[in-house]
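Each chain, letter by letter, is given below.
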Amino acid sequence: MEQRDAAGYGGCATAALGAATALYVWGSSGRTRRHMGGGFEGQGRDLSVLWTELPLLLLAGALIPSAVWLLTLRLLRGLAPPRSRAVVAAVCAAGVLALSAWALHTWANPHDPDRVRLSGTLVSDLDA
């Protein structure tokens, strides 16, 4: 019963850490600042991201790492002792969490070609 509780606590901790990481990466991104910060006197502010992007983001952040945790524990059920199963599941969940945080960061901070430096100069369409 102790190992089953530890696996459950680990899954809950993985879900909480995944949701918190997703919220942090999304909240600190340029995309969110652009939508929430607005422009001059609030022009360009788009608060619809709070009920469109944010719930889906939190759900994905909680479910994806915890699903990997559960799947890893189930796949290694008869193959490894319980303690090593939890360690392998934690490593797999941490890897997926890092990969998904990187993917979210890449999506939320789009590439801006006007700010890419090539040989120390700014790239512009007018330099052609």
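Since the model is a prediction, treat every value here as computed from it, not as a measurement. (Residues numbered from 1 in each chain as written. Predicted model: local features only at pLDDT ≥ 70, side-chain atom pairs only at ≥ 80, totals over all residues. Heavy atoms only, no water.)

1. Focus on a nonpolar patch on the surface
Logical step 1: A cluster of nonpolar side chains, L47, L50 and W51, forms an exposed patch at the surface whose accessible area comes to about 320 Å².
Logical step 2: Structurally, W51 can be placed in helix α3 (residues 49–75).
Logical step 3: A relative accessible area of 59% means that W51 is categorised as exposed. (Patch = residues over 30% accessible without salt bridge, like charges linked within 9 Å, V, L, I, M, F, W, Y side chains within 5 Å. Areas by Shrake-Rupley, 256 points an atom, 1.4 Å probe, with all protein chains shown as cover. Salt bridge = Lys/Arg side-chain N within 4 Å of Asp/Glu carboxyl O. Helix = DSSP H or I, 4+ residues; strand = E, 2+ residues; numbered from the N terminus. Buried < 20%, exposed > 50% of the residue type's maximum accessible area, 1.4 Å probe, protein only.)

2. A look at the packing of α3 against helix α4 (residues 82–108)
Logical step 1: In contact at an axis separation of 8 Å, α3 and α4 are set at 155° when each is read in the N-to-C sense. As judged from the angle between their axes, α3 and α4 are roughly antiparallel. The chirality of how α3 crosses α4 is right-handed. Taking contact as the criterion, the partners of E53, L57, I64, P65, V68, W69, T72 and L73 in α3 are, on α4, R85, A86, V88, A89, A90, C92, A93, V96, L97, L104 and W107.
Logical step 2: Among the residues making up the contact of α3 with α4, the classes are represented as 16 nonpolar, one polar and two charged. (Axes fitted to C-alpha atoms, helices over the stretch in contact; angles between N-to-C directions. Parallel < 35°, antiparallel > 145°, perpendicular 65-115°, else oblique. Left-handed = near helix turned anticlockwise from the far one by under 90°. Contact = heavy atoms within 4.5 Å. Nonpolar A, V, L, I, M, F, W, Y, C, P; charged D, E, K, R; others polar.)

3. Let's talk about the side chain of R85
Logical step 1: Within the secondary structure, R85 sits in helix α4.
Logical step 2: Taking the relative accessible area as the measure of exposure, R85 reaches 17% and is therefore buried.
Logical step 3: Beyond its immediate stretch of four places on either side in the chain, R85 contacts L73, L76, R77 and A80.

4. Side note on the nonpolar core
Proteins that are soluble and globular tend to have nonpolar side chains buried together.
Logical step 1: Counting residues in each nonpolar core, the largest one holds eight residues, listed as A22, V25, W26, V49, L54, L57, A101 and L104.
Logical step 2: Sorting the residues of this core by element identifies α1 (2–27), α3 and α4 as the ones contributing at least two each.
Logical step 3: Not counting residues up to four positions away in its chain, the partners in contact with A22 are L57, G61 and L104. (Core = buried A, V, L, I, M, F, W, Y, C linked by side-chain atoms within 4.5 Å.)

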